[in-house]
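Fold and geometry: a report
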Amino acid sequence: MKRLLALDGGGIRGVFALEVLAQIEARLREKAGNPHLLLADHFDYLAGTSTGAIIATCLAWGMSVAEVRDLYVGKAVEMFQVAPVYRRFWNKFEAEGITQMFKVLFSEDGEGKTPALLGTKKIRTLLTLVMRNHSTGSPWPVSNNPAAKFNDPNSPECNLKLPVWQLVRASTAAPVYFPPETIEIAGKKHVFVDGGITPYNNPALLLFYMATLPAYKLEWETGVDKMVLVSIGTGRIPGGIGSRRGNQLNMLYHAQTIPIALMDAISLQQDMVCRTIGLCKAGEQIDSEIGNLRDMSPTEVARRKFTYLRYDHLYNPEEIEAARGYGRGGLTLDNISLIPFLQRVGATYAEKHVRAEDLT
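Residues numbered from 1 in each chain as written. Predicted model: local features only at pLDDT ≥ 70, side-chain atom pairs only at ≥ 80, totals over all residues. Heavy atoms only, no water.

What about the packing of aromatic side chains?
Two aromatic rings, taken as a pair, are described by how far apart their centres are and by the angle between their planes. Cut-off, in case you're wondering: In summary, the pairing rule links any two rings of Phe, Tyr or Trp, Trp by its six-membered ring, whose centres are within 6.5 Å, and it sorts them by plane angle into stacked for under 30 degrees, edge-to-face for over 60 and tilted for everything else. The helix count covers DSSP runs of H or I at least four residues long, the strand count covers runs of E at least two residues long, and both are numbered beginning at the N terminus. When accessible area is computed with a 1.4 Å probe and restricted to protein chains, residues below 20% of their type maximum are described as buried, those above 50% as exposed, and intermediate ones as partly exposed.
On inspection of all chains with the given rule, the structure shows 14 aromatic pairs. When the centroid spacing of 5.5 Å and the interplanar angle of 55 degrees are considered together, the rings of Phe16 and Tyr349 count as tilted. Taken together, the residues Phe16 in helix α1 (residues 14–32) and Tyr349 in helix α11 (residues 339–353) connect sequence positions 333 residues apart. This pair shows no difference in class: Phe16 is buried, exactly as Tyr349 is.

This is the structure:
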């Protein structure tokens, strides 16, 4: 059995995903009778985009969910370091705080003096981080799979030689929020931004492909009894215009809302594809017409490629209104005042939806 874990982007709303992960870790510990079990002990391959890249790397590093949670709660102000007014035309936050945090966290010495490279043995699982190469205009899912095409140690383009901190920083470089990250590869500088502006803000389907397609050099066997794919979101927000009229929607409104709407729609489509090729055991409804795609005949089950669990939550109007009481941003990606709210919503959701029998 191969076990895959995919983590969506979503800024500080990654705290919601951490509560789901905490419940998964607790259920697995109970089932195994091991109070010290880590998710890196259970999952073979992790993938993450943006905030999901931070969490996935921490877990693959061998951190417990509690340690990652403490990182988010204790370092949130440092991660979202507001830029001076004169620089906010380019980005809302400075990169220095979050960069230094990554340098220390993902180093060989634990002090930031010796950066760990992607090929480090400190990463205990296979790991994919999703970012966008702004220089070439293409999505870049970077993996530590030693057999991968661009991980040949004799090649100047070997990704295994890139610093982990820099790859995580690149995956989290959300335009408007953080400046891009420039990485030198084979003597040429490439500019990277957040993986959330690729089709893989939800990296679940991509992770399945990277584990099974011949091009990625793993070719793991598929089947509902041979592979489990766990996909965790950061909470969805309804994107309708509410009571607004069409003539009230100006250019600024469209500029602010269309990118978010597209990201949400693509993420939902990725989820839907996973449910149609996998056996979905957990996941709320896609929409009111097709439901949750969890009912199928035994004949159809036998044709599915993996067992699939999707944990995500669509915020209801009452929750959205309650979130407005935490700072001015509501359910925005950078509202660190939301952390207690996200922890409460995430813990309630996880208690209801996460079942040990689905995970193994």
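Considerations on the pairing of strand β2 (residues 45–49)
Counted only if it meets this: In this analysis, strands are considered paired if DSSP registers two or more bridges between them.
The buried fraction of β2 is high, at five of five residues. Of the two faces of β2, the one lined by Tyr45, Ala47 and Thr49 and the one lined by Leu46 and Gly48 are each fully buried. In the sheet, strand β1 (residues 2–7) pairs with β2 via four bridges, with the strands oriented parallel. Residue pairing across strands places Leu7 opposite Gly48, the latter belonging to β2. Sheet topology note: the β2/strand β3 (residues 126–133) ladder contains five bridges and is parallel. In the sheet register, Gly48 faces β3, and the bridge partner there is Leu129.

Structural notes on the pattern of salt bridges
The cut-off we apply is this: The salt bridge criterion pairs a side-chain nitrogen of Lys or Arg with a carboxyl oxygen of Asp or Glu, the two atoms within 4 Å.
Taken as a whole, this structure holds 19 salt bridges when the rule is applied. The closest approach of N and O atoms between Asp225 and Lys226, which form a salt bridge, is 3.5 Å. Asp225 sits in the exposed class, given a relative accessible area of 53%. Arg275 is paired through a salt bridge with Asp271; the nearest N and O atoms lie 2.9 Å apart. Placement of the pair is Arg275 and Asp271 together in helix α8 (residues 251–277), with a separation of four residues, close to one helical turn. Of the two residues examined, Arg275 and Asp271, each falls in the buried class.

Describing the nonpolar core
Note the threshold: In plain words, nonpolar cores are sets of buried Ala, Val, Leu, Ile, Met, Phe, Trp, Tyr and Cys residues tied together by side-chain atoms within 4.5 Å.
Of all hydrophobic cores here, the largest spans 75 residues; its most connected members are Leu21, Ile24, Leu59, Val230, Ile232 and Tyr311. At nine residues, the largest contribution of residues to this core is made by α1. Listed in part, the 21 residues of the second largest apolar core include Leu4, Leu206, Leu207 and Ala211.

Notes on the side chain of Thr128
Where we set the bar: Whenever two N or O atoms come within 3.5 Å, that pair is a polar contact, provided that in protein one can donate a hydrogen and the other can accept it, and provided that, for residues adjacent in sequence, both atoms are side-chain atoms. Whether two residues touch is decided by their heavy atoms; if any such pair falls within 4.5 Å, the residues are in contact.
Take Thr128: it is sitting in strand β3. Of the residues examined, Thr128 reaches a relative accessible area of 0% and is grouped as buried. In terms of polar contacts, Thr128 uses its side chain to reach the side chain of Tyr45, at 2.7 Å. Here Thr128 is in contact with Tyr45, Leu46, Ala47, Gly48, Pro141, Val142, Ser143 and Met210, once residues within four sequence places are set aside.

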